There are 2 protein chains.
Amino acid sequence: MKPRHPHRSEDCRAVSAVLQRVGDKWTVLVVSMLGDGPMRFNELRHAIGGISQKMLTTTLRNLERDGFVTRTVFPTIPPRVDYELTGLGRELLVPVTALGDWARANIDRINSARDRFDATAQP
Amino acid sequence: MKPRHPHRSEDCRAVSAVLQRVGDKWTVLVVSMLGDGPMRFNELRHAIGGISQKMLTTTLRNLERDGFVTRTVFPTIPPRVDYELTGLGRELLVPVTALGDWARANIDRINSARDRFDATAQP
DNA sequence: CCGTATCCGAGGTGATACTG
DNA sequence: CAGTATCACCTCGGATACGG
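Where an unreviewed UniProt entry is consulted, chain A appears under the name HxlR family transcriptional regulator, with the organism given as Aquamicrobium defluvii.

This is the structure:
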């Protein structure tokens, strides 16, 4: 008998929503950086490179909102803020890393498929 | 000695790019639908529900370009077009499904984290 | 039935400047 | 150092109409 994939609409939407959430421009980069341990704001900024201050702030706020990172403020002068993955964040890292590994392993196949397609297409 | 996570910039970007690609609004839904077997255009359209014709076309073109689906045209009247996952597409489904399962399993934790955050935030 | 063309609004992204 | 504020762009997504 067939496995009977459910494809319950609600579930698929939820999955899609999380994928979109994780698929935004900087989220995975930030999360994978934090996978090595807590980091400060500018530390992250430079480690990633190319991200604007605004987008790093936004990305971190959203990650904090979703319970993936904690934000710790040290009320010193100058101020210091540490970001660290929560348990949920580290769990998220597992399937994301799996997808990342797959991506690294198959990026060439994707690129050559893309080249083939573009070569066949009419300009 | 430490595992020495590489975090090579190029790799991270590539991963991020694939995540963004997969994270667009309809891609995972389409791919998971096709996971059950080949489908026609309107069959997909109705199975998904809520997707516009334009976006389904666009999504399928991009998936075809990246080598995740094949497009087969039957030159009948009225025309009939089948879409089917390629080997690469079915392989992609594996880590994506893993992430999807994680999402389903943890959606409640994310939502309650969100509620907590929003309750604490100032309006 | 399947796809393209066009227009439009909404939101994501970034550059810059300013504050505690 | 770690943000917020503002503005301007630009892509995405949807509605609609038309074509093969």
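There is more to say, and it comes next.
Q: Help me understand helix 5 (residues 87–120) of chain B, please; the structure alone is not making it clear to me.
A: Because an α-helix completes one turn every 3.6 residues, residues spaced three or four positions apart along the sequence face the same direction. For helix 5 of chain B, which comprises 34 residues, the first-to-last C-alpha distance of 47 Å matches the rise-based estimate of 50 Å (1.5 Å per residue) to within 8%. Its side-chain oxygen placed 3.3 Å from the backbone nitrogen of Leu 88 of chain B, Thr 86 of chain B serves as the N-cap of helix 5 of chain B.

Q: Quick question: what am I supposed to make of the relation of the copies chain B and chain A here?
A: Think of it as a corkscrew move, a rotation about one axis and a shift along it, taking one chain copy to the other. When chain B is fitted to chain A, the residual RMSD is 0.1 Å, and the transformation amounts to a turn of 180° plus an axial shift of 0.0 Å. The operation mapping one copy onto its partner corresponds to a two-fold rotation axis. Taking C-alpha positions as the reference, the residue of chain B nearest the rotation axis is Gly 23 of chain B, at 2.3 Å. Taken together, the interface assignments show that 98% of the residues at the interface of chain B recur at the interface of chain A, consistent with an identical surface on both copies.

Q: Could you clarify how one ought to interpret the sheet that holds strand 3 (residues 80–85) of chain A in this entry?
A: Pairing between the strands of a sheet comes from backbone hydrogen bonds, and it takes one of two forms, parallel or antiparallel. Residue and element names in this part refer to chain A. Spatially, the three strands line up as an open sheet ordered 1-3-2, and their pairing is antiparallel. The open sheet has two free edges, formed respectively by strand 1 (39–40) and strand 2 (69–74), since each of these has just one partner strand. By the bridge criterion, two bridges tie strand 1 to strand 3 in an arrangement that is antiparallel. Counterpart to Met 39 in the pairing with strand 3 is Tyr 83. Strands in contact with helix 4 (residues 53–65) are strand 2 and strand 3; relative to strand 2, the strand with the most contacts, it is inclined by about 115°.

Q: Would you take a moment to explain the UniProt feature "domain: HTH hxlR-type" (unreviewed entry) in chain A for this structure?
A: The feature "domain: HTH hxlR-type" (unreviewed entry), as given by UniProt, occupies residues 12–111 of chain A in the numbering adopted here. Along residues 12–111 of chain A one finds 65% helix and 14% strand; the C-alpha atoms at either end are 28 Å apart.

Q: What is the right way to look at the pairing of strand 3 of chain A in this model?
A: Every other side chain in a regular strand lies on the same face of the sheet, so the side chains alternate between the two faces. Residue and element names in this part refer to chain A. Two strands pair when backbone bridges link them, and strand 2 and strand 3 are joined in this way by six bridges, in the antiparallel orientation. Following the sheet pairing, Phe 74 is matched in strand 3 by Arg 80. Between strand 2 and strand 3, which follow one another and run antiparallel, lie five residues.

Q: What's the story with the packing of aromatic side chains in this structure? I'm lost.
A: Aromatic ring pairs are defined here through the distance separating the ring centres and the angle between the ring planes. Taken as a whole and judged by the stated rule, the model has two aromatic pairs over all chains. Plain terms: the ring middles of Phe 68 of chain A and Trp 102 of chain B are 6.3 Å apart, the flat faces sit at 35° to each other, and that makes the pair tilted. Taken together, the positions of Phe 68 of chain A in the loop between helix 4 and strand 2 and Trp 102 of chain B in helix 5 put the pair across two chains. By relative accessible area, which is 3% here, Phe 68 of chain A ends up buried. Among the residues examined, Trp 102 of chain B registers a relative accessible area of 11% and is labelled buried. Stacked on the ring of Phe 74 of chain A, the Lys or Arg Arg 80 of chain A has its end atom at 5.4 Å from the ring centre.

Q: For this particular structure, what's the right way to read the protein's contact with DNA strand D?
A: Gln 53, Arg 71 and Tyr 83 of chain A together with Lys 25 and Lys 54 of chain B are the nearest of the 18 residues found near DNA strand D. The contact atoms of DNA strand D, taken as those within 4 Å of the protein, divide so that sugar and phosphate hold 57%. One nitrogen or oxygen atom from the side chain of Arg 71 of chain A is found 2.4 Å from a phosphate oxygen belonging to DNA strand D. Between a phosphate oxygen of DNA strand D and a side-chain N or O atom of Trp 26 of chain B, the distance comes to 3.2 Å. Those elements that place two or more of their residues in the surface near DNA strand D are helix 3 (41–48), helix 4 and strand 3 of chain A together with helix 4 (53–65) of chain B. Take the surface near DNA strand D: its biggest share by element is four residues, from helix 4 of chain A. When grouped by side-chain class, the residues that make up the surface near DNA strand D number eight nonpolar, three polar and seven charged.

Q: Can you help me understand the interface of chain B and chain A in this one?
A: Think of interface size as the accessible area that goes away when the parts come together; that is how it is often given. Opposite the 48 residues of chain B that make contact, chain A presents 47 residues. Taken over both partners, the interface formed by chain B and chain A buries close to 4,500 Å², and the fraction arising from carbon and sulfur atoms is 68%. It is Arg 65, Leu 99 and Trp 102 of chain B that lose the most area in chain B upon contact with chain A, and together they represent 15% of the buried surface on that side. Applying the counting rule to chain B against chain A returns six salt bridges. Among the salt bridges present, the one from Asp 118 of chain B reaches Arg 65 of chain A, with a minimum N-O distance of 2.4 Å.

Rules used in this analysis
Along each chain, residues carry numbers from 1 onward, in the same order as the chain's sequence is written. Lettering of chains starts at A and numbering of ligands starts at 1, both following the order in which they are written. Per-residue local features of the predicted model are confined to residues with pLDDT of at least 70, and side-chain atom pairs are confined, for both listing and counting, to 80 or more; whole-chain, interface and lining totals are unaffected and use all residues. No hydrogens and no water enter the side-chain calculation; it runs on all heavy atoms of the structure. Going along the chain from the N terminus, every DSSP run of H or I of four or more residues is numbered as a helix, and every run of E of two or more is numbered as a strand. One less than the residue count of a helix, multiplied by 1.5 Å, gives the span that helix is expected to have. Polar contacts, as counted here, are pairs of nitrogen or oxygen atoms within 3.5 Å of one another; within protein the pair requires one atom able to donate a hydrogen and one able to accept it, and residues that are adjacent in sequence qualify only if both atoms are side-chain atoms. C-alpha atoms of residues with pLDDT of at least 70 in both copies form the basis for the least-squares superposition of the copies. When checking whether two residues touch, look at their non-hydrogen atoms; a contact exists if any pair is within 4.5 Å. When DSSP finds two or more bridges between a pair of strands, those strands are recorded as paired. Whenever a helix is involved, its axis is fitted only over the stretch in contact; in every case the axis is a line through C-alpha atoms, and angles between N-to-C directions fall within 0 to 180 degrees. UniProt positions are given in the numbering used here, feature names are shortened, and annotations may be inferred rather than shown by experiment. Stacked, tilted and edge-to-face are the three classes assigned to paired rings of Phe, Tyr and Trp, where Trp is represented by its six-membered ring and a pair needs centres within 6.5 Å; plane angles under 30 degrees give stacked, over 60 edge-to-face, the rest tilted. When accessible area is computed with a 1.4 Å probe and restricted to protein chains, residues below 20% of their type maximum are described as buried, those above 50% as exposed, and intermediate ones as partly exposed. Two conditions define a charge located above a ring, namely a distance within 6 Å from the ring centre to NZ of Lys or CZ of Arg, and an angle within 35 degrees of the ring normal. By convention in this text, a residue qualifies as near a molecule or strand provided that one of its non-hydrogen atoms is within 4 Å of it. By the convention adopted, Pro, Cys, Tyr, Trp, Phe, Met, Ile, Leu, Val and Ala count as nonpolar, Lys, Arg, Asp and Glu as charged, and the other residues, Gly among them, as polar. Accessible area that two parts lose when put together, evaluated with a 1.4 Å probe and summed over both, is termed the buried area. When a carboxyl oxygen of Asp or Glu lies within 4 Å of a side-chain nitrogen of Lys or Arg, that pair is called a salt bridge.

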